[in-house]
Amino acid sequence: MIRIAAVGDIHLGPGSAGLLRPAFETLGDCADVLLLAGDLTRHGTVEEARVVADEVGALPVPVVAVLGNHDYQSDQEKAVARELTAAGVHVLEGDGVLLDIGGTKVGVAGTKGFGGGFAGRSASEFGEPEMKAFIRYTRTCAEGLGRALRELRDQGSDLRIALTHFSPVPDTLAGEPPEIYPFLGSYLLAEAMDEAGADLAVHGHAHMGTEHGTTAGGVRVRNVAMPVIDRAFAVYHLSPAGGDGKAARPT
């Protein structure tokens, strides 16, 4: 049984230094890995990234992260990622990391993702160049996620987790105003997960959303934005598929 701790939208800055560290230091007792689902800072500055780095550095479990839209706000996202990487965090964007957890190979594929909407109510690569660029960026994120999941599969991973900031499904957006769904996620992310295969999908971004959802292909989705889970992190349990061929299911 692998224990996945996850949280997103912690929005740390200088005034919140040390806020989550006491909870994170307990992770060795209840989790095997910590996933950070983006919006780790308030405005995406290096100063804020250093606060995050201090909060999650040298924890008793590996830490894997993607950035969120807030982490891009100051056009310093590469510097933000460098600060986190220097603290030992695996920062993903269109790639993955394979972790050995007690002999179980756990692969995490990550991308920030982007918007565009969901089946039947989505934008397309048609019309003005600005609209085409919007959807092409989303498609690029989804393609990177799918490619990373396939590479982890080829590397012999026992479990695969898709980590994003934007949502792959509308289920976990329930509670948000429907008018802003296209800015909260895209079905292209879910398609990538279903086609490449994943045992769990974790995202943030939707502060007023709902924790539980599922892709059309049956991948369990969890919205771990801190305002949704209302705690420092949520923990999900995954078991690799056994001899009966049953897929992993989070509990």
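Residues numbered from 1 in each chain as written. Predicted model: local features only at pLDDT ≥ 70, side-chain atom pairs only at ≥ 80, totals over all residues. Heavy atoms only, no water.

A. The arrangement of the packing of aromatic side chains in detail. Taken as a whole, this structure holds 4 aromatic pairs when the rule is applied. Residues Phe 114 and Tyr 137 carry aromatic rings whose centres are separated by 4.9 Å and whose planes lie at 75 degrees to one another, so their mutual orientation is edge-to-face. Here the residue Phe 114 occupies a position in the loop between strand S6 (104-111) and strand S7 (117-118), and Tyr 137 occupies one in helix H5 (residues 129-154), the gap between them amounting to 23 residues. Given the relative accessible area of 31%, Tyr 137 is considered partly exposed. Joined through ring pairs, the aromatic side chains of Phe 114, Phe 134, Tyr 137 and Phe 166 make up one cluster. The ring of Tyr 72 has Lys 112 sitting right over it, with the charged end atom 5.1 Å from the ring centre. (Phe/Tyr/Trp six-rings, centres within 6.5 Å; stacked < 30°, edge-to-face > 60°. Helix = DSSP H or I, 4+ residues; strand = E, 2+ residues; numbered from the N terminus. Buried < 20%, exposed > 50% of the residue type's maximum accessible area, 1.4 Å probe, protein only. Lys NZ or Arg CZ within 6 Å of the ring centre and 35° of its normal.)

B. A look at the pattern of salt bridges. Using the criterion set out here, one finds 6 salt bridges in the structure. A salt bridge links Glu 125 to Arg 139; the nearest nitrogen and oxygen atoms lie 2.6 Å apart. Within this pair, whereas Glu 125 is found in the loop between strand S8 (121-122) and H5, its partner Arg 139 is found in helix H5, the two being separated by 14 residues in sequence. When its relative accessible area of 31% is taken as the criterion, Glu 125 is described as partly exposed. For Arg 139, a relative accessible area of 32% gives the class partly exposed. Three or more residues joined by partner-sharing salt bridges are found here, namely Glu 125, Arg 136 and Arg 139. (Salt bridge = Lys/Arg side-chain N within 4 Å of Asp/Glu carboxyl O.)

C. Looking closely at empty space enclosed by the protein. With the rule as written, the count across this model stands at 1 cavity of 30 Å³ or more. Of the voids in this model, the largest cavity is the one considered here, and its volume is about 30 Å³. Along the walls of the largest cavity sit Gly 115, Gly 116, Ala 123, Ile 135, Thr 138, Ser 186, Tyr 187 and Leu 188, which together make up its complete lining. Residue assignment for the lining of the largest cavity shows that the elements contributing at least two residues are H5 and helix H6 (187-196). (1 Å grid on protein atoms, 1.4 Å probe; cavity = no way out; pocket = protein on both sides within 12 Å on 5 of 7 lines; lining within 4 Å. Points joined across faces, edges and corners; volume = space filled by probe spheres on them.)

D. Region of interest: the layout of surface pockets. Its volume calculated, the largest pocket comes out at about 170 Å³. Around the largest pocket sit 13 residues that line it, and Ala 119, Pro 168, Tyr 187, Ala 190 and Ala 216 are the ones nearest its centre. Looking at which element gives the most residues to the lining of the largest pocket, the answer is H6, with 4 residues. Across the lining of the largest pocket, the residue classes break down as 8 nonpolar, 2 polar and 3 charged. (Nonpolar A, V, L, I, M, F, W, Y, C, P; charged D, E, K, R; others polar.)

E. Structural view of the side chain of Glu 48. Note on placement: Glu 48 falls in helix H3 (residues 46-56). Leave out the neighbours within four places in its chain, and Glu 48 touches Leu 12, Gly 13, Pro 14, Thr 41, Arg 42 and His 43. (Contact = heavy atoms within 4.5 Å.)

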